[in-house]
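What follows is each chain in one-letter form.
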Amino acid sequence: MSAAARIARRVATALGVLLAACAVAAEPVPYAGPLFDAHLHYNVEAASGPYPLADVLGRMQRAGVRAIVANSRPNDGTKALAASPLARAAGVTVVPFIRLYRDRADYDSWFRDPSIEAMVDAELSAGTAAGPYRGLGEFHLYDSANADGPVARRLMQLAERRHLAVLAHADDDAIVRLFAHAPGARIIWAHTGIGGVPVARVRALLAAHPTLMGELSYRPGLTDAQGRLAPAWKALFAEFPDRFVIGSDTWINARWDAYESLMTDARRWLGDLDPETARRIGWGNAAALFGLPDPR
């Protein structure tokens, strides 16, 4: 090899090292601020099994979660979180919601079952150790037409009248139907739609309904294979920075096993945003919805 060739190889090697170093330096820094988990369940399978209060609150604390929307099947799990001094010791504020399910059978009939209304009324009257309930849900509408059920209609009107937020697992058509019953309701759209509602449709619904917020657990297309934020969602967040929240959706025990990893994943893609937008989605939007101050 000639001297010129050896020099060229050294230059190429040095350039490659420099480019690699620049790539590492350009890697976005994960969001490091407080998190508000706006979609959390402490269902009977977790509460009565391997996930006592000390365990789940320890997971939240290690993940930097400073507030949660708690809803559980049945509501005993939420009330236990709300009453626990361990929550205060962990620095976790509990925002209690009334879940509309006493058992799994209620998933398929709550929207037409008057006994669900009676249960909601009783829970609202009793409140929790952390104060009054702040919302209803999560509830599911597997068929969008069920949003027009008599109980669904009356509960939406109750939520609007009493300034309760609603956590709804529904498709885009059902969201439109729910707003038709209660145009001023504050709806947190679980997963920002089921079945991967297109970003263009999400944008249209956000524009049409100023009190709609998107919750981002399980959201298809939100990130790429490396866990980075997809460009279409980054653009949507820039357009509506005050309309999204994060969540864990601990609907099964396996989600508790992965809880800290789920929050790490959220911090990673939040790091692809500018710091102000990242903090809004990670903490501020949900905190503003429920009037929580910034954590110390």
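A brief look at the structure comes next. (Residues numbered from 1 in each chain as written. Predicted model: local features only at pLDDT ≥ 70, side-chain atom pairs only at ≥ 80, totals over all residues. Heavy atoms only, no water.)

**Digging into the side chain of S144**
Tracing the backbone through its elements, the reader meets S144 in the loop between strand 4 (135-140) and helix 7 (150-161). Classification of S144 as buried rests on a relative accessible area of 12%. Those residues in contact with S144 that sit more than four places away from it in its chain are D171, D173, A174 and R177. (Helix = DSSP H or I, 4+ residues; strand = E, 2+ residues; numbered from the N terminus. Buried < 20%, exposed > 50% of the residue type's maximum accessible area, 1.4 Å probe, protein only. Contact = heavy atoms within 4.5 Å.)

**With respect to the environment of L158**
Here L158 is to be found in helix 7. Residues L158 and D121 lie 37 residues apart in sequence; the distance between their C-alpha atoms is 9.9 Å. When residues no more than four places from it in sequence are discounted, the contact partners of L158 are V120, D121 and L124.

**Here we look at helix 8 (residues 172-181)**
Within the span of helix 8, buried status applies to A174, I175, L178, F179 and H181. Seen from one end, helix 8 has its buried residues packed into an arc of 155°, which puts them on one side. Next to the buried residues of helix 8 lie strand 4, helix 7, strand 5 (165-169), strand 6 (186-189) and strand 7 (212-215). One side-chain oxygen at the N-terminal end of helix 8 lies 3.2 Å from the backbone nitrogen of D173; it belongs to D171. (Arc of directions from axis to C-beta. Polar contact = N/O pair within 3.5 Å; in protein donor to acceptor, adjacent residues only side chain to side chain.)

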